[in-house]
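Coordinate inspection notes
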Amino acid sequence: MKALLLENIHDEAVRTLKKAGYEVERVSEALDEDDLISALDGVDLLGIRSRTRVTRRVVEACGDKLHAVGAFCIGTNQMDLDALAEAGVPAFNAPYSNTRSVVELVMAEIIALARRLGDRNTQMHNGVWRKSAIGSHEIRGRRLGIIGYGNIGQQLSVVAEAMGMQVFFYDIADVLPMGNAHKCDSIEELLGSVETVSLHIDGRPSNTDLIGDREFAMMRPRSLFLNLSRGKVVDINALVDNLRTGHIAGAGVDVYPEEPASGKEPFISPLREMDNVILTPHIGGSTQEAQVDIGRYVAGKLIDYVDNGATGMSVNIPEITPSPRTGARIGHLHRNVPGVMATLNRLVADQGGNVTYQALATKGELGYCILDIAETDSGLLANVTVLEGTIRARIL
């Protein structure tokens, strides 16, 4: 079987896939829609990062040849998850592997902004010795507001509190606080309660320009602001205006509404004009440790699906982490409607199959079943494939 890995996915993914017997083709950059369709000819597994778009057209062009897609990153907005599910193609990502990397960068930037390290560094490079405590502060005792209390937000909460910060958070989900963190009932409550705000939310359409003029006005004068989540969740022009007036004393930004497609293109943003901003090129999760973990984790998920039918942590189809196989294994993705499982079991029984293991999971309109059969007719899979309601069936 063949795997195609795009966008400089770490060597650990290559090693993991080759060890499992896969032929691996690597492409160092993202591919556009037409080039991706051409490149997927004869490919069983696709690995991408954040820039390659797996559109409905790409999925439909693959037919039933593509087995699974792995996003070697946290985000999944670059994939049409519904189209993949309709084609019976599970998608996997790495929701936890670079959490620590992002948290450490956030903390480093908070300290750098509070101590005005950017100014001091520039002055020293220009030969200016300005030994002064004016404008420099400890982060101990300061109030940190975290918008988005998922994996990254929660770990940031723990690390910040360990360094002496008071943590406030807001999330649309009903999540429990870590340590002594205080849960806010609204963004408005959080913005008015803290001196430092850090965003850790996803890029869903409803989050576009979540932070703009109105929200910046709610923040305390001379607040610090950080966005290491998604570029489009912040109105950049509003941020620039508030940095110019000094209402926002400093910012750390790692993501942008428009980002260069490669290092060959220039980075263009009004934030470049601001001295009180730390700008980084979308490297929140870009540490060697994180990339190794991501490469191993996502490649392992792809292999486990192909070999065992495992869909645990899939972002688009029902999740099953199966037991070790006890016979010939069939993976059956189907529409979640009454009668499908009854028909499937009856078909197995009619052909003399002895079911030794069965697991079923549902998710919205989809159902996924794994069947181990000790004794079966060789034509069973062909009959399963044409069962009413079947989206995709595989013998493993």
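In what follows, the structure referred to is the one given above.
First things first, this report covers the structure right here in the doc. Treat the numbers as computed from the prediction; the structure is a model and nothing was measured.

Conventions adopted
Residues numbered from 1 in each chain as written. Predicted model: local features only at pLDDT ≥ 70, side-chain atom pairs only at ≥ 80, totals over all residues. Heavy atoms only, no water. Axes fitted to C-alpha atoms, helices over the stretch in contact; angles between N-to-C directions. Helix = DSSP H or I, 4+ residues; strand = E, 2+ residues; numbered from the N terminus. Parallel < 35°, antiparallel > 145°, perpendicular 65-115°, else oblique. Left-handed = near helix turned anticlockwise from the far one by under 90°. Contact = heavy atoms within 4.5 Å. Nonpolar A, V, L, I, M, F, W, Y, C, P; charged D, E, K, R; others polar. Buried < 20%, exposed > 50% of the residue type's maximum accessible area, 1.4 Å probe, protein only. Phe/Tyr/Trp six-rings, centres within 6.5 Å; stacked < 30°, edge-to-face > 60°. Lys NZ or Arg CZ within 6 Å of the ring centre and 35° of its normal. Pairing = 2+ DSSP bridges. Right-handed = clockwise from strand over helix to strand, strands pointing away. Expected span 1.5 Å × (residues − 1).

Here the focus is the packing of helix α1 (residues 11–19) against helix α11 (residues 288–308). Closest axis-to-axis distance for the α1/α11 pair is 7 Å, and the angle between their directions is 30°. On the basis of the axis angle, α1 is roughly parallel to α11. When the axes of α1 and α11 are compared, the crossing they make is right-handed. Listed contacts from α11 to E12, A13, T16 and L17 of α1 are V292, G295, R296, A299, G300 and I303. Class assignment of the residues belonging to the contact of α1 with α11 gives a composition of five nonpolar, three polar and two charged.

Right, let's get into the environment of P322. Take P322: it is sitting in the loop between α11 and β13 (328–335). P322 gets classed as buried once you look at its relative accessible area, which sits at 16%. Along the chain, P322 and A359 lie 37 residues apart, while their C-alpha atoms are 7.1 Å from each other. With near-sequence residues (within four places) excluded, P322 lies in contact with N308, A310, R329, Y357 and I370.

Here we take up the packing of aromatic side chains. Going through the model one piece at a time under the given rule, you end up with four aromatic pairs. Positioned above the aromatic ring of Y305, the side-chain terminus of R394 is 4.2 Å from the ring centre.

What follows is about the side chain of T311. Summarising the element assignment, T311 is placed in the loop between α11 and β13. Setting aside anything within four residues of it in sequence, one finds T311 in contact with F92, Y305, I317, P318, E319, I320 and Y368.

Moving on to the sheet that holds strand β5 (residues 91–92). The five strands are arranged β2-β1-β3-β4-β5 in an open sheet whose pairing can be described as parallel. On the outer flanks of this sheet lie β2 (23–26) and β5, each paired with one strand and no other. Relative to strand β4 (residues 68–71), α11 is tilted by about 165°, and along the sheet it contacts β3 (45–48), β4 and β5.

Attention now moves to the sheet that holds β13. Adjacent strands of a sheet pair through backbone hydrogen bonds, lying either parallel or antiparallel. With antiparallel pairing, four strands are arranged side by side in an open sheet as β14-β15-β13-β16. What marks the edges here is a single partner per strand, and that holds for β14 (355–363) and β16 (390–395). Between one strand and the next, the sheet's axes are offset by a mean angle of 10°, whatever the strand orientation. In terms of strand pairing, β13 meets strand β15 (residues 366–373) through eight bridges, oriented antiparallel. In the sheet register, A328 faces β15, and the bridge partner there is I373. Packed on one face of the sheet, helix α12 (residues 340–350) meets β13, β14 and β15 and runs near 20° to β15.

Time to look at the pairing of β13. Along β13, six of the eight residues are buried, which leaves the element largely enclosed by surrounding structure. Pairing between β13 and β16: five bridges, direction antiparallel. Paired with H332 across the strands is A393, a residue of β16.

This part takes up the pairing of strand β6 (residues 143–147). Burial analysis of β6 places four of its five residues in the buried class, the great majority of the element. Two strands pair when backbone bridges link them, and β6 and strand β7 (residues 166–170) are joined in this way by five bridges, in the parallel orientation. Bridge pairing links I147 to Y170 in β7. Read from β6 through helix α7 (residues 151–162) to β7, the crossover connection turns out right-handed. Here β6 runs beside strand β9 (residues 196–199); their pairing, made up of four bridges, is parallel. In the strand pairing of β9, I147 is matched with L199.

What follows covers α7. Counting along an α-helix, one turn takes 3.6 residues, and residues three or four places apart therefore face a common direction. Here α7 spans 17 Å end to end across twelve residues, near enough to the 16 Å set by a 1.5 Å rise per residue. The complete set of buried residues in α7 reads I152, G153, L156, S157, V159 and A160. Those residues of α7 hidden inside the fold are in contact with α5 (99–114), β6, β7 and β9. Positive phi appears at G164, one or two residues downstream of α7, with a value of about 95°.

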